[in-house]
Amino acid sequence: MLADSHVHLDDRAFDADRIQVLQRARDAGVGQLVVPAVDAASWPRIRDLCAAHPRTLFPAYGLHPLYLHQHARGDVDALLPWCEANAAVAIGEIGLDFHADEPEPALQRDCFARQLALARELGLPVIVHARQALEEVILTLRRHPGVHGVVHSFSGSEEQARRLWELGFLIGIGGPLTYERAQRLRRIVANMPIEFLLLESDAPDQPDAQNRGQRNEPARVVEVLRCAAALRGEAEQAVAAATAANTRRLFRLPAPARD
């Protein structure tokens, strides 16, 4: 049984065949999926989607840094009552993104810090996005002791990974691991303590090397598993069991449903 710790299954890219995508995931052994939000408009959509698939899909609610232009004034304030009224497994997707001409850094920092404080108040883990901002993300997390979670789509150094583990954070690894040019990431996954590793698809984005340029989907977490197990010299079943257990522990998920 595998877990996909990060998949945007509510994305419009899945509107035509979402049920079939879920079935392919089940057929591939991916039995539990965490679905993070990107803006307030997606919260009801994710709530309803996860409610339709209990014990399989689990919602996280947050405000993504790349969607600042879509966040209304007061959305961060609305997150607390929303999470209190609608069970969430995490606050996410939140974080910082300083790539190219992305939205205003000052507003990103404020939104990120406020959501970290909210996660601590609610006792929930966070799902963190950190593109070209990992060093600042780590420093920000240090200023919020007691907050734990995962930095998804990790692309930093071995030293940055170790600092995250010291803070109680896991790292989420997906399709980029399968590209041979990702040598630093491959070294990290090959040698890291397994208890800090989560597998993810980030679908519909970040497909594996065999499916580059195509829409990604959660069934392809199997390709990430195969690569990770080969790099570590371990059995795929062992890596699958360990990373699924890590996902359940972090997000406090129930035991997976079995057919």
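You'll find the structure just up there.
Quantities reported herein were computed from a predicted structural model and do not represent experimental measurements.

A. Spatial organisation of the packing of aromatic side chains. Overall, the coordinates contain three aromatic pairs when judged by the stated rule. Where Tyr61 meets Trp82, the ring centres are 5.7 Å apart and the plane angle is 85°; that geometry is what we call edge-to-face. Note that Tyr61 is positioned in strand S3 (residues 57-61) and Trp82 in helix H3 (residues 75-85), a separation of 21 residues in sequence. Grouping residues by exposure puts Tyr61 and Trp82 together as buried. An aromatic cluster is defined as three or more aromatic residues linked by ring pairs; in this entry it consists of Trp43, Tyr61 and Trp82.

B. Structural view of the side chain of Ser201. Tracing the backbone through its elements, the reader meets Ser201 in the loop between strand S8 (197-199) and helix H8 (221-232). Filtering out sequence-adjacent residues up to four positions away, Ser201 remains in contact with Asp4, His6, Val7, Gln206, Asn216, Glu217, Pro218 and Val221.

C. Summary view of the packing of helix H7 (residues 183-191) against H8. For the pair H7 and H8, the least separation of the axes is 8 Å and the interaxial angle reads 70°. The angle between the axes of H7 and H8 places the two elements in the roughly perpendicular class. At the point where H7 passes H8, the crossing takes the right-handed sense. Of the residues in H8, those in contact with Arg186, Val189, Ala190 and Asn191 of H7 are Cys227, Ala228, Leu231 and Arg232.

About the thresholds
The numbers attached to residues start from 1 for each chain and follow its sequence in the written order. This being a predicted model, a pLDDT of at least 70 is required before a residue's local features are given, and a value of 80 or more before pairs of side-chain atoms are given or counted; all residues contribute to the totals for chains, interfaces and linings. Heavy atoms from the whole structure form the basis of all side-chain values; hydrogens and water molecules are not counted. Any pair of Phe, Tyr and Trp rings, taking the six-membered ring for Trp, is counted once the centres come within 6.5 Å. Such a pair is stacked with planes under 30 degrees apart, edge-to-face with planes over 60 apart, and tilted for the rest. A run of H or I in DSSP becomes a helix once it reaches four residues, and a run of E becomes a strand once it reaches two; helices and strands are each numbered from the N terminus. For the exposure calls, accessible area comes from a 1.4 Å probe over protein chains only, and a residue counts as buried if that area is under 20% of its type's maximum, exposed if over 50%, partly exposed in between. Residue contacts are counted whenever heavy atoms from the two residues lie within 4.5 Å of one another. In this analysis, axes come from line fits to C-alpha atoms, helices being fitted only over the stretch in contact, and the angle between any two N-to-C directions falls in the range 0 to 180 degrees. What sets the label is the angle itself: under 35 degrees gives roughly parallel, over 145 gives roughly antiparallel, 65 to 115 gives roughly perpendicular, and the rest give oblique. In this scheme the handedness of a crossing depends on how the near helix is turned from the far one: anticlockwise by less than a right angle means left-handed, clockwise means right-handed.

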